[in-house]
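Here's the letter readout for the chains.
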Amino acid sequence: MKIDILTLFPEMFSTVFEESIIKRAKEKRIVEINVINFRDYSKDPHQKVDDTPYGGGCGMVLTCQPIFDCIESIKTEDSRVIMLTPDGVSYKQEMAYSFAKEKHLILLCGHYEGFDERIRSICDFEVSIGDYVLTGGEIPAMILADSIIRLLPGVIEEESHIQDSFNDHLLDYPSYTKPQVFRGMEVPPVLISGDHKKIDEFRMEMRYNRTRERRPDLLEK
Ligand code: 6GU
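One structure accompanies this document, and this report is about it. (Residues numbered from 1 in each chain as written. Predicted model: local features only at pLDDT ≥ 70, side-chain atom pairs only at ≥ 80, totals over all residues. Heavy atoms only, no water.)

**Quick notes on the overall build of the protein**
- Helix and strand counts for the protein stand at 7 helices and 10 strands.
- Radius of gyration (C-alpha) of the protein: 22 Å, far over the 17 Å computed for a compact globule of 221 residues.
- Along the three orthogonal principal directions, the C-alpha set of the protein runs to about 70 × 40 × 35 Å.
- The 221 residues of the protein split such that 40% are buried.
- Across the protein, contacts joining residues at least 24 apart in sequence account for 75% of those joining residues at least 6 apart.
- Counting only carbon and sulfur atoms, one obtains 52% of the accessible surface of the protein, whose full area is about 13,500 Å².
- Put simply, the protein has 28 plus and 39 minus side-chain charges, and the middle of one group is 5 Å from the middle of the other. (Helix = DSSP H or I, 4+ residues; strand = E, 2+ residues; numbered from the N terminus. Rg over C-alpha atoms; globule rule 2.2 N^0.38 Å. Buried < 20%, exposed > 50% of the residue type's maximum accessible area, 1.4 Å probe, protein only. Contact = heavy atoms within 4.5 Å. Areas by Shrake-Rupley, 256 points an atom, 1.4 Å probe, with all protein chains shown as cover. Lys, Arg positive; Asp, Glu negative; His and termini not counted. Charge placed at Lys NZ, Arg CZ, Asp CG, Glu CD.)

See the structure below:
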């Protein structure tokens, strides 16, 4: 898969994809990530990428020309353009699975007050990562890229994502490792019993309880 990230702040991405699992996925050529500064596509003499809003109001609005030219120069039939914006649809694990099937993703990060409305016409999806406001789409783009790359075949053991929280609308069960007692806190005895049927039942019960307490909205699914 190829992921192109369009941003005015490419340096924000200089370390996040250079560690751990994403780094290995790049080394194994499972994913190629390019960070592109769409300011480079501005035809303005001062490389301006934003302007004041028609109708007045505060803040600046990202202009069409640099973003259209940038996207048109890298887009092919196989590309899906995703705009990161607080007014997009809420990002969910199902969307990560669906995006993981694509060959080429273009992630468009905004900053300032927002995008000229006409930029939406060249985007296939508009995604928000939750109900809070961030200064820009860069951190959301990192979140999408991370959640998608880990699903690509060969990046992590297939078995680990079968068990992911959210796959079956339940949160994860609690995990323990050595020692058996730490500061008086004990590992539940069933986990040491060796009875795998009991262990599975215990874990399922913990998942239900935790989901009921913390995320009752998930149980409705
Ligand atoms: Cl995608 N962008 C910004 N600026 N804020 C957000 C967001 C995106 N998702 C939640 N808040």
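Further notes follow.
**Examining the sheet that holds strand β7 (residues 114-115)**
- Across the sheet, 3 strands lie side by side as β3-β4-β7; this open sheet has mixed pairing. Pairing within the sheet leaves two strands with one partner each, and these edge strands are β3 (50-51) and β7.
- Inspection of the sheet shows strand β4 (residues 61-62) paired to β7 by 2 bridges, in the parallel sense. Looking at the pairing, V61 lines up with G114 of β7. (Pairing = 2+ DSSP bridges.)

**Re unusual backbone geometry**
- Going from K178 to P179, the amide bond is cis rather than trans, its omega being 5°.
- Mapping P179 onto the fold places it in the loop between α5 (158-162) and β9 (181-182).
- Not every positive phi belongs to a glycine, and R29 is a case in point at roughly 60°.
- By secondary structure assignment, the location of R29 is in the loop between α1 (20-27) and β2 (32-37).

**Describing the nonpolar core**
- With 32 residues, the main nonpolar core has I5, F99, L107, L144 and I149 as its most contacted residues.
- When residues of this core are assigned to their parent elements, the largest contribution, 6 residues, is made by helix α4 (residues 138-149).
- Not counting chain neighbours up to four residues away, the residues in contact with L144 comprise I82, L84, Y91, F99, L107, V127 and I129.
- Listed in part, the 20 residues of the second largest apolar core include V49, I71, I122 and C123. (Core = buried A, V, L, I, M, F, W, Y, C linked by side-chain atoms within 4.5 Å.)

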